[in-house]
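Tertiary structure, described
One letter stands for each residue in the lines below.
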Amino acid sequence: MITRNTRQKVAIREAFEEAGRPLSTGEVLDLAQSKVEKLGIATVYRNVKSLVDEGWLATVELPGETSRYEIAGKDHHHHFQCESCSRVFELHGCLPGLDRLAETGYSVRRHELVLYGSCPECNGNRPAR
Ligand SMILES: [Zn+2]
Ligand SMILES: [Zn+2]
């Protein structure tokens, strides 16, 4: 039997799969509420938390921003934030040699890197899809 709770969670997972980029809970609400009746922000928040607990979603923390979430298990990658529309996009891969920025005596264990600018839509180009 498919309960309303199941439908809500499916709609939330689909929002992530269709968007293909990290989403805030507010964006998830916008994208998923057309698919499920009476979806509210509290329900989105509860389901996102449960998907994080299950390991299906990972939290994306950007400086000074509300948390975004993305589908977990991706290879090492970074993010791009559009300064016009505030949306966050996934960048693929990384650059070799970043560790060399640290001088002798420092051991680098991890790094965070965020690129900022404007996205294709805000630049007036439709993304090629
Ligand atoms: Zn934009
Ligand atoms: Zn990297």
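Residues numbered from 1 in each chain as written. Chains lettered and ligands numbered in written order. Predicted model: local features only at pLDDT ≥ 70, side-chain atom pairs only at ≥ 80, totals over all residues. Heavy atoms only, no water.

**Remarks on the packing of helix H1 (residues 4–19) against helix H2 (residues 25–32)**
- With their axes 9 Å apart at the nearest point, H1 and H2 run at an angle of 100° to one another. Our classification of the angle between H1 and H2 gives roughly perpendicular. Contacts from Ala11, Ile12, Ala15, Phe16 and Ala19 of H1 reach H2 at Val28, Leu31 and Ala32.
- Classifying every residue of the contact of H1 with H2 by side-chain character gives eight nonpolar, no polar and no charged. (Axes fitted to C-alpha atoms, helices over the stretch in contact; angles between N-to-C directions. Helix = DSSP H or I, 4+ residues; strand = E, 2+ residues; numbered from the N terminus. Parallel < 35°, antiparallel > 145°, perpendicular 65-115°, else oblique. Contact = heavy atoms within 4.5 Å. Nonpolar A, V, L, I, M, F, W, Y, C, P; charged D, E, K, R; others polar.)

**Topic: the layout of surface pockets**
- Taken as a whole, the second largest pocket holds about 180 Å³ of empty space.
- Considering the residues around the second largest pocket, the lining is formed by 13 residues, among which His77, His78, His79, His111 and Glu112 are closest to the centre.
- Among the residues forming the lining of the second largest pocket, the class breakdown is five nonpolar, five polar and three charged.
- Structurally, the lining of the second largest pocket is a two-domain feature, drawing no fewer than three residues from each of domain 1 (4–71) and domain 2 (78–117). (1 Å grid on protein atoms, 1.4 Å probe; cavity = no way out; pocket = protein on both sides within 12 Å on 5 of 7 lines; lining within 4 Å. Points joined across faces, edges and corners; volume = space filled by probe spheres on them. Domains from an automatic or database assignment.)

**A look at the domain arrangement of the protein chain**
- Domain boundaries assigned for the protein chain yield domain 1 (4–71) and domain 2 (78–117).
- Taken over C-alpha atoms, the centre of domain 1 sits 24 Å from the centre of domain 2.
- Note on domain 1 versus domain 2: buried area summed over both sides is about 790 Å², and carbon and sulfur give 55% of it.
- Applying the counting criterion to the domain 1 and domain 2 interface returns zero salt bridges.
- Linking domain 1 with domain 2 are four residue pairs in polar contact (both at pLDDT 80 or more).
- Residues belonging to the side of domain 1 that touches domain 2 are distributed by class as follows: four nonpolar, no polar and five charged. (Buried area = accessible area lost by both parts, 1.4 Å probe. Salt bridge = Lys/Arg side-chain N within 4 Å of Asp/Glu carboxyl O. Polar contact = N/O pair within 3.5 Å; in protein donor to acceptor, adjacent residues only side chain to side chain.)

**Focus: the sheet that holds strand E5 (residues 114–117)**
- Pairing within the open sheet is mixed, and its three strands lie in the order E4-E3-E5. Edge positions in the sheet fall to strand E4 (88–91) and E5, since each of these pairs with one other strand and no more. With strand direction ignored, the average angle separating the axes of adjacent strands in the sheet is 25°. (Pairing = 2+ DSSP bridges.)

**So, the coordination of the zinc ion (ligand 2)**
- The protein atoms that coordinate the zinc ion (ligand 2) are His76 (NE2), His78 (NE2), Cys94 (SG) and His111 (NE2), at distances of 1.9 to 2.2 Å.
- Taken in sequence order, the residues that donate to the zinc ion (ligand 2) follow the motif H-x1-H-x15-C-x16-H. You can see His76 sitting in the loop between strand E2 (68–71) and strand E3 (78–82) and its partner His111 sitting in the loop between E4 and E5, a full 35 residues away along the chain.
- Relative accessible area serves as the criterion here: at 47%, His76 is assigned to the partly exposed category.
- Residue classification places His111 among the partly exposed positions, given a relative accessible area of 25%. (Donors = N, O, S within 2.8 Å, 3.2 Å for Na, K, Ca; no water. Buried < 20%, exposed > 50% of the residue type's maximum accessible area, 1.4 Å probe, protein only.)

**Side note on the nonpolar core**
- Membership of the largest hydrophobic core comes to 16 residues, with the highest contact counts inside it found for Ile12, Phe16, Val28, Ala32, Val44, Val48 and Leu57.
- Of all the secondary structure elements, the ones that give two or more residues to this core are H1, H2 and helix H3 (41–53).
- Broken down by element, this core gets its largest block of residues, four residues, from H1.
- Contact partners of Phe16, with chain neighbours within four places excluded, come to Leu23, Val28, Val48, Trp56, Leu57, Tyr69, Glu70 and Ile71. (Core = buried A, V, L, I, M, F, W, Y, C linked by side-chain atoms within 4.5 Å.)

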